[in-house]
Each structure stands twice: as structure tokens, then as C-alpha cells.
Amino acid sequence: MTAAFTPHGGAALKVLLLTEVRLRMRRPGTLVAVLALIGLTWLMVGDPARGDAMIVSDGARVAYTSTSLAMGSAALTGLFFGLAGFYLARGRMGEDVRSGIGAVLAATPLTSAWFLLGRWLGNVAYLCGLLLIFLATMLVLHVLRGDGPVQPTMYLQTYALVLLPLVFFTASMVLLFDAWPPLMGKGGDVLYFFVWVAQLSVGAVSAGERGVWHPLLLVDFSGLGAIIGAIQQVLPSQGLVIGGGTFDPALATRVLPDALWSPAMVWTRLGSAMLALLPLLPALLLFHRFSPDRVKARAARGGWSPLALLNRWLRPFARLVRPLFGLAARLPGVAGQALTQLALTLVVNPVAVLAVLALFVAGCVVGSAQLGTVVCVAVLLWGVLISDISVRDTQYDVEALNAAAPGGRVRAYVAQWLAAVALALLFTAPALLRWLAQAPLRALALLAGVLALSAAAALLGNWSRSARLFLGLFLFGMYVATQAVSVPWCDVAGFNGAATPVSVAAYALAAVLLFACGIATLQQRLARK
């Protein structure tokens, strides 16, 4: 099929765009994203009456004018949205392959170029819709906590300059990762996380020296470097904090002027938006167009993403897990099912077997000061693996078998949760035992975090029928935890050593609530059927 544009493509493009937006807006993950955006908004705009501010310059609060709130919220949203937006918009190609719609689309006269353009515009429209919800929440917060009048045009201008390049880049990367078979699976999901981290690093580096334009600003898609540079032009500071901090009420409040964007920076952001379109070219060249010999055949072989290749090279390690299946067959009830789920996870991912062995040795021999790092690596690998456990039955169409088995789907749900917990214990057993003897609070934090994250993975997977919702939130949370090492609430598994009795109790309570919510949600869905 030629990739040239056709005269009748405009009408098809409109249908594709509307269809994409409607399908994405109906996803359960969209509701979670909206709630997360609203909650994030309220958290990022600290209450000055309590000594908190979004932007602090040398200990002084920056007034909550439309300019400062727009700049601060855009900077913080850029950190979160580049990752969450990818996982929310991703997966439409895979859904088309599983449902058979891809074969129908491939047989239509619509060219690949028009089809991919429609998908890209759908991604952009969906992400912009989420940003509009975020903008509406920010306007409400301005009315409640802001200084001075609400200026909607200031918000729109700032968001357009800062966040549109990020939206274009995210939408383009979604299309590239969905169009090329090796990146369609979990390997692509994990790879993008590192792309996102690298992109944030570029933003931090591009801020550079005050008043000096840096070429990396052109690939600062998140806009972080542009915002820091724009604020420092008018507010020279040795201690600029964007994202929330305490301030000295004795110092005079600082005010950002309305005119922050220089012509050079405006052109830089426009150039960044253009560069964000570059992934569309390889997406068009590599697009599988739902060809069975490129999509389904490669999926049957396991693909050749880095993760798939590693699993194939380490396939001999899967033999170590085979005795678990015999033991699972002899165990009655939910314990046998949980052990079966655990064994399946290890067999499908031989890299996990090698990781268990390596982490066991590391947990036994490293010093106490390095034990937190080992646990952090273990939790990161574990979270990536458990994201698939709760959606495995859906992916392989065996939910009906669970419904017919003793205990039905509810027992299968409990088994999935137990399997995730058991896998965490395999990854962290030496560290947990050492902490029980040396630092009991860290051991309790690890247990509470594992229980809560396992319950979250089971709930979000069964609710959204996709591993990406939990995976995106988990990876973002791990990134935040590795940056805010002194914040107790970010020390979800004790690896930072900052957990307190209150934070541990909160995560234990969250585990109970998430597990109960998952069971209730599953029973409600079964009752509707």
C-alpha cells in the first residue's frame, strides 16, 4: 500500500480522529489520569498560609499570580505528563491486532500516511483534552489561593509554549513504538521510561548558565530548561525551587512580570515542537500495517526487543522453576493457584530467575549502607514483572476457565495478589531478614510497600485490562522516590531509610483498602454479567 496522501483522505482523517478520541476517553485509565491530575494540582500549589509555596527564590515566596502559577504548574506537569501521557495513549495498535480490527484496517484503501496521521492527531487531541482538565483545575485553585486576577490567556500562552512540544513528542513516540513490532510489547514500555528520564536530564542540562542560549533547548521537550531560564532572567536566584518548598515569611514576596518569554525563547519552543515530529518519519517507514508475518508471527516468537532477546538467551534458567509446577499441583486451593502464577511469571521471564539469584547474593554480601540500593533495584524489577500478572488471563483469553474453576475469579484474583507478594519476597528475602534484625522499621516499610503495590497492581490491572496503567504510575513513583530520598511518603518500600511509623501505617492501610476495593470491583463486575 502506497504511503502517498489521497484526495478522499480528509473525510477518513476526521473519522479516525473522532474515533480515537472517543475510544481513549472511555478507557478506565483516563478516569484515573483525570483524578491523578486533579490531585497533583492540589498538591503542587502549596497553601501559603501553611508556609508552603510552589516557587521559592532564595527563601522568599513568589506570589501566586497567573504568570507564576502557569509557569510552575507547566514545569511540574511536564515532569509527569511525558511519562503518564505515553502509557495512557499507547496500545491502540495492540488492541487492533488482538481484536482483529487491524486486519480490516489493513484491507481498506486508506493509505498508511493518512492512517498514521489520524492516529497521531488522535493522540494529540486526547493529551490536549487531559491538559484542558488540568487547566480548569488550576483556574479553580487560582481563585482559592491566587494573588491578583485570573488571566486565562496567560495560562493558555504558557501551556502552549511549554507543553505543546511535549504533547507532540509524546504522541510521536507513541506512534513510533506502536508502529514498529519490536517496540509494541513490554520491552518498549520499559525502554520509553529511560527515554523519558534522558529527556528530563536534557531539560536540566539545557538550563545551563544564566542568560546563555543552549542548543539542547531545542530538544528540551518537557520545557523544564526553558522555564528555569525564563524565570532566572527576571528573578536572579542562587536557590530557585520549583515544585513546592517552605519560605521565610519575613522576606518580601517576589512577583514575576507578565512578559517572561523573549522572542528567542518563543522561536526555540516552536523549533522544539517541529523537532518533536521527527519520530513520525521512522514510524511511517517501519509501520507494520497489521501484517501477520510482522506482528503476530513476531509475537509468537517473542519479538526481538532487548527484553525479549534477553529472555531468550537466558531460557535455560527457566528449568530451575519447573519443580514449582509439580508443587503447585499438590497444594490445595488458592495457595496452589498462587504458586502456579508465580511459576508462570518466572518461566516466561527467565531474566527474573537470574535476578532472584543475583539479588540473593547481593543481599547477603553487601554492607548495610548499600542494602537500600539493592532493595531499590529489586523493587524496580519486581514492579515491572508484576504489572503483567493481573492481565495475563485477559491477554490469553482464559478468564472463562477461572470462572469455571473452584472459587471462580475471586479466588484467581487473590492468587494473583499472593503471587506478586511471593515474588517480592523472593527478590528481597536477604534484605528483609537483615532489616528485621538491624532496622525493624525499614523491614515493616518493605512489607507494607510490597502489600500495597501488589494490591494496586491487581486492582489497576483487572480494572483497566492493561498492564500499562500500573506500570506508568509505578515507574513515575519510583523516579520520584529516587529523587526525594528524604521524604517519608516517597519511601514506599524502605529503601531510602526515610520511612516513619506513620508512613508505614499509611501504606499498610492503603494495602487493605486497595485489596478490598479490588475484590469489591471484581464482584460488582461479575454481578453485572
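The written sequence of each chain sets the order in which its residues are numbered from 1. Reporting of local features is limited, given that this is a predicted model, to residues whose pLDDT is at least 70; pairs of side-chain atoms are given and counted only at 80 or more, and all residues count toward the totals for whole chains, interfaces and linings. Processing note: side-chain calculations cover all non-hydrogen atoms of the structure and skip hydrogens and water entirely.

Asks: Help me out: how do you make sense of helix 15 (residues 333-348) in this one?
Replies: It helps to recall that an α-helix has 3.6 residues per turn; residues three or four apart then point in one direction. Going along the chain from the N terminus, every DSSP run of H or I of four or more residues is numbered as a helix, and every run of E of two or more is numbered as a strand. One fewer than the residue count of a helix, multiplied by 1.5 Å, yields its expected span. With 16 residues, helix 15 should cover 22 Å at 1.5 Å per step; its first-to-last C-alpha distance of 23 Å lies within 8% of that length. Between buried and exposed lies partly exposed: a residue is buried under 20% and exposed over 50% of the maximum accessible area for its type, with that area taken using a 1.4 Å probe on protein chains only. The set of residues buried in helix 15 consists of G336, Q337, A338, L339, Q341, L342, A343, T345 and L346. Pairs of residues are marked as contacts when any of their non-hydrogen atoms sit within 4.5 Å. The inward-facing, buried residues of helix 15 abut helix 14 (322-330), helix 16 (350-365), helix 18 (392-395) and helix 20 (408-438).

Asks: How do you make sense of the domain arrangement of the protein when you look at a structure like this?
Replies: For interface size, the figure often reported is the accessible area lost on association. Note that the domain bounds reflect an automated or database-derived domain assignment. When the domains of the protein are assigned, the result is domain 1 (9-286) and domain 2 (306-528). Just the C-alpha atoms count here: the centres of domain 1 and domain 2 sit 30 Å apart. Opposite the 21 residues of domain 1 that make contact, domain 2 presents 15 residues. A simple way to read buried area is as the amount of 1.4 Å-probe accessible surface that goes missing from two parts once joined, with both sides added. Of the roughly 1700 Å² buried at the junction of domain 1 and domain 2 (both faces included), carbon and sulfur atoms supply 80%. On the domain 1 side of the contact with domain 2, V32, Y87 and K186 bury the most area, a combined 32% of that side's loss. Salt bridge, as applied in this entry: a Lys or Arg side-chain nitrogen positioned within 4 Å of an Asp or Glu carboxyl oxygen. Run the count over domain 1 and domain 2 and you get one salt bridge.

Asks: Would you mind going over the environment of L513 with me for this structure?
Replies: In this fold, L513 is placed in helix 23 (residues 501-528). The sequence separation of L513 and A452 amounts to 61 residues, and the corresponding C-alpha distance is 8.8 Å.

Asks: Help me out: how do you make sense of the packing of aromatic side chains in this one?
Replies: The geometry of an aromatic ring pair is captured by two quantities: the separation of the ring centres and the angle between the planes. Whether two aromatic rings pair depends on their centres lying within 6.5 Å, for rings of Phe, Tyr and Trp, where Trp uses its six-membered ring; planes under 30 degrees apart make the pair stacked, over 60 edge-to-face, and the rest tilted. Scanning all chains against the criterion turns up 20 aromatic pairs. Ring geometry for F115 against F290: centres 5.9 Å apart, planes inclined by 75°, an arrangement best described as edge-to-face. Of this pair, F115 sits in helix 6 (residues 112-145) while F290 is found in the loop between helix 11 (280-286) and helix 12 (296-301), placing the two residues 175 residues apart along the sequence. Using a relative accessible area of 4% as the deciding quantity, one classes F115 as buried. One aromatic cluster is present, formed by F80, F193, F194, W196, F476 and Y479 through successive ring pairs. Think of it as a cone above the ring: NZ of Lys or CZ of Arg counts as a charge over the ring if it is within 6 Å of the ring centre and within 35 degrees of the ring normal. Directly above the aromatic system of Y64 lies the positively charged group of R61, at a separation of 5.7 Å from the ring centroid. Above the plane of the ring of F247 lies R61, whose end atom (NZ or CZ) is 5.9 Å from the centre.

Asks: Before we go on, may I ask you to explain the environment of S387 in this structure?
Replies: Secondary-structure assignment places S387 in the loop between helix 17 (371-386) and helix 18. Leave out the neighbours within four places in its chain, and S387 touches K186, A467, F470 and L471.

Asks: Is there a simple way to think about the nonpolar core in this case?
Replies: The tendency in soluble globular proteins is for nonpolar side chains to be buried side by side. To form a nonpolar core, buried Ala, Val, Leu, Ile, Met, Phe, Trp, Tyr and Cys residues must be joined to one another through side-chain atoms within 4.5 Å. Grouped together as the largest cluster of nonpolar side chains are 145 residues, with contacts concentrated most on W382 and F427. Of the residues forming this core, the biggest block, 16 residues, is contributed by helix 7 (residues 152-179). Core analysis: the next-biggest nonpolar cluster, separate from the first, contains five residues, Y413, A458, L459 and L522 among them.

Asks: What should I look at first to understand the environment of W196 in this one?
Replies: Counting through the fold element by element, W196 comes out in helix 8 (residues 186-207). For W196 and T500, which are 304 residues apart along the polypeptide, the C-alpha to C-alpha distance reads 31 Å. Residues in contact with W196, not counting those within four places in the same chain, are L79, G82, L83, F476 and Y479.

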